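# Examining the three-dimensional arrangement
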Amino acid sequence: MRRTASLRGLVRETQLAPGRLVEPIFVSEAAGATAAGREPVAAMPGVDRVSVAVAVEQARTAADLGIAGVLLFGVPTDKDAEGSGAWEPDGVVQLTVGAIKQAVPELVVMTDVCLCEYTDHGHCGVLRSDGVVDNDATLELLARVASSHARAGADLVAPSDMMDGRVGAIRAELDSDGYTDVGILAYSAKFASAFYGPFREAAGSTPAFGDRRSYQLDPANGQEAIREALLDVQEGADMVMVKPALAYGDLIHAIKDATGLPVAAYNVSGEYAMVKAAAAAGYLDERQAVTEILTSLHRAGADLVISYHAADAARWLAQ
Ligand code: PBG
């Protein structure tokens, strides 16, 4: 059954489709001040931090390619201890959500909900006087951020902070503010990973001290990841995520089984950078490698994949 392309096509178990891909976009205030509206990210060739206007263009291109949605990250110029820029009504994410929803209404707009891009210390929550992240004090702020994204028009908010109880807190706030139709994509199984390095350059969110191991999952723990996903379901998550993707196929599968919810796999910045670097060195074929990676994530059980290669993959699929 493998002799010819048509035979292989007839029995292929997993199909790639642009409608199952989500493209991350970094919207930056500083990029907005440049002539081109773009600033390159050194560790992510092909990915830029962009202005609101360029983000709208990128969103339109994504929609034209049949890509289902975009996931927005904000890169502000001003930071403070609380990350208060994250819930400003005219913040860069809020403005971009509104502009994309107006220009390309059919595109699903998701927003990353976290404080690390907005805090001057780079942690995903507020700090107690001893420098430890204060889980419960952070919940109220995250709920404020999510509600501000919903007000701007987001279809789904995606909390990536890994505080306990954030999904419930966000659901309650969205409902009480009247955003009952706005869904939650929970970064449920988010591991403390080396593969976020390039993202932290792009988003300017490297912690000023310490690391994120007190709130993100230990890569050694699979049972705990499943428990985290089930807790998020109980608290009202509409979709759950496994992140990173490549080294966590077992959990994509297990979490799909355990929750029965739509599962997103986040093919993260370091995974993108690895492929880009190897391809640039001539060590592997980028198109084949990316196609294999995306296919394998769907085979593992992902319903949707968030990938910096989304636009390339959609173009390749159209050929
Ligand atoms: C913010 C956040 C991170 C990523 C998504 N949201 C970084 C982190 O937790 O340090 C990583 C995405 C990527 O690497 O592509 N908390």
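Criteria and cut-off values
- Residues numbered from 1 in each chain as written.
- Predicted model: local features only at pLDDT ≥ 70, side-chain atom pairs only at ≥ 80, totals over all residues.
- Heavy atoms only, no water.
- Patch = residues over 30% accessible without salt bridge, like charges linked within 9 Å, V, L, I, M, F, W, Y side chains within 5 Å.
- Areas by Shrake-Rupley, 256 points an atom, 1.4 Å probe, with all protein chains shown as cover.
- Salt bridge = Lys/Arg side-chain N within 4 Å of Asp/Glu carboxyl O.
- Lys, Arg positive; Asp, Glu negative; His and termini not counted.
- Charge placed at Lys NZ, Arg CZ, Asp CG, Glu CD.
- Helix = DSSP H or I, 4+ residues; strand = E, 2+ residues; numbered from the N terminus.
- Buried < 20%, exposed > 50% of the residue type's maximum accessible area, 1.4 Å probe, protein only.
- Axes fitted to C-alpha atoms, helices over the stretch in contact; angles between N-to-C directions.
- Parallel < 35°, antiparallel > 145°, perpendicular 65-115°, else oblique.
- Left-handed = near helix turned anticlockwise from the far one by under 90°.
- Contact = heavy atoms within 4.5 Å.
- Nonpolar A, V, L, I, M, F, W, Y, C, P; charged D, E, K, R; others polar.
- Near = heavy atom within 4 Å.
- Polar contact = N/O pair within 3.5 Å; in protein donor to acceptor, adjacent residues only side chain to side chain.
- Pairing = 2+ DSSP bridges.
- Right-handed = clockwise from strand over helix to strand, strands pointing away.

What follows is about a negative patch on the surface. A cluster of acidic residues, Glu 29, Asp 78, Glu 88 and Asp 90, forms a negative patch at the surface. For Glu 88, the location among the structural elements is in the loop between β4 (69-75) and α4 (92-103). You can call Glu 88 partly exposed: its relative accessible area is 37%.

By secondary structure assignment, the location of Pro 219 is in the loop between α7 (197-203) and α8 (223-235). Looking at Pro 219, the relative accessible area reads 45%, which means it is partly exposed. Along the backbone, Pro 219 and Asp 134 are 85 residues apart, and their C-alpha atoms lie at a distance of 23 Å.

All chains considered together, the criterion is met by 13 salt bridges. Notably, a salt bridge pairs Arg 144 with Glu 140, separated by 2.7 Å at the nearest N-O pair. With a gap of four residues between them, Arg 144 and Glu 140 both fall in helix α5 (residues 135-152), about one helical turn apart. The class for Glu 140 is exposed, based on a relative accessible area of 51%. Here Arg 171 makes a salt bridge to Asp 238, at a shortest N to O gap of 4.0 Å. Placement of Arg 171 in helix α6 (residues 166-176) and of Asp 238 in the loop between α8 and β8 (239-243) is noted, with a sequence separation of 67 residues between them. Overall, the relative accessible area of 36% leaves Asp 238 in the partly exposed class. The network of salt bridges with common partners includes Asp 161, Arg 166 and Asp 232.

Put simply, helix α3 (residues 52-64) and α4 touch, their axes get as near as 9 Å, and they point 40 degrees apart. As judged from the angle between their axes, α3 and α4 are oblique. When you trace α3 past α4, the crossing you get is right-handed. For the pair formed by α3 and α4, the contact residues are Val 52, Ala 55, Val 56, Ala 59 and Arg 60 on the first element and Val 92, Leu 95, Thr 96, Ala 99, Ile 100 and Ala 103 on the second. Considered class by class, the residues forming the contact of α3 with α4 number nine nonpolar, one polar and one charged.

The next thing to look at is the site of the ligand. Taken together, 19 residues form the shell around the ligand, and within it Lys 190, Arg 200, Lys 243, Ser 269 and Tyr 308 come nearest. Within the side chain of Arg 200, an N or O atom sits 2.6 Å from an oxygen atom of the ligand. Ser 269 places a side-chain nitrogen or oxygen 2.7 Å from an oxygen atom of the ligand. Sorting the residues of the shell around the ligand by element identifies β7 (183-190) and α7 as the ones contributing at least two each.

Here we come to helix α12 (residues 310-318). Residues separated by three or four positions in an α-helix point in the same direction, a consequence of the helix having 3.6 residues per turn. Inspection of α12 places Ala 310, Ala 311, Ala 313, Ala 314 and Trp 316 among the buried residues, and these make up the whole buried set. Considering only its buried residues, α12 is in contact with β1 (21-28), α11 (286-300) and β10 (304-307).

Right, let's talk about the pairing of strand β5 (residues 108-113) for a bit. In terms of burial, β5 is largely enclosed, as five of its six residues are buried. Judged from the four bridges that link them, β4 and β5 form a sheet pairing that is parallel. The residue of β5 that forms the bridge with Leu 72 is Thr 111. Handedness of the crossover joining β4 and β5 through α4 is recorded here as right-handed.

For strand β9 (residues 263-267), the tally of buried residues reaches five of five residues, placing the bulk of the element in the interior. Across the two faces of β9 the burial is the same, with Val 263, Ala 265 and Asn 267 and Ala 264 and Tyr 266 all buried. With three bridges connecting them, β8 and β9 associate as parallel partners. Across the sheet, the residue bridging to Val 242 is Ala 265, located in β9. With helix α9 (residues 249-259) bridging β8 and its parallel neighbour β9, the resulting β-α-β unit is right-handed. When β9 meets β10, the two strands line up parallel, connected through four bridges. For Ala 264, the partnering residue across the bridge sits in β10 and is Leu 304.

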